[in-house]
Amino acid sequence: MADINESKLDSDLPAKLSKPAQRALTAAGYSRLEQFTTLREAEVLKLHGMGPKAMDQIRQALAAKGLSFAE
């Protein structure tokens, strides 16, 4: 269980992401918003568990930091 808690402390992903979206991102190795700046939205949407609501939450979190998905 320590690993899960440690990864949550190291993560800056939106706290309100659904559990399936959180699992999809964690399984794919994503825990920091900065990682999404090298990915296109379409790539992230392909992950099982990622939907429009989760994508919108990530998009908003990126924008709040002045970041965005890759073009």
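Predicted, not measured: the structure shown is a model, and the values here were computed from it. (Residues numbered from 1 in each chain as written. Predicted model: local features only at pLDDT ≥ 70, side-chain atom pairs only at ≥ 80, totals over all residues. Heavy atoms only, no water.)

### Some words on the pattern of salt bridges
Then step 1. For the coordinates displayed, the defined rule picks out six salt bridges.
Then step 2. When the shortest N-O distance is used, the salt bridge between Lys65 and Glu34 registers 3.6 Å. Note that Lys65 is positioned in the segment after α4 (52-64) and Glu34 in the loop between α2 (19-27) and α3 (41-45), a separation of 31 residues in sequence.
Then step 3. Among the ionic contacts, a cluster of salt bridges with common partners joins Asp12, Arg32, Glu34 and Lys65. (Salt bridge = Lys/Arg side-chain N within 4 Å of Asp/Glu carboxyl O. Helix = DSSP H or I, 4+ residues; strand = E, 2+ residues; numbered from the N terminus.)

### Examining α2
Each turn of an α-helix holds 3.6 residues, which means side chains three or four residues apart point in the same direction.
Then step 1. Along α2, the residues classified as buried are Ala21, Ala24 and Leu25. One side of α2 holds all its buried residues, which, seen down the axis, span an arc of 95°. Those residues of α2 that are exposed and aimed more than 90 degrees away from the buried face are Arg23, Thr26 and Ala27.
Then step 2. After α2 finishes, the residue Gly29 shows a positive phi value of roughly 90°. (Buried < 20%, exposed > 50% of the residue type's maximum accessible area, 1.4 Å probe, protein only. Arc of directions from axis to C-beta.)

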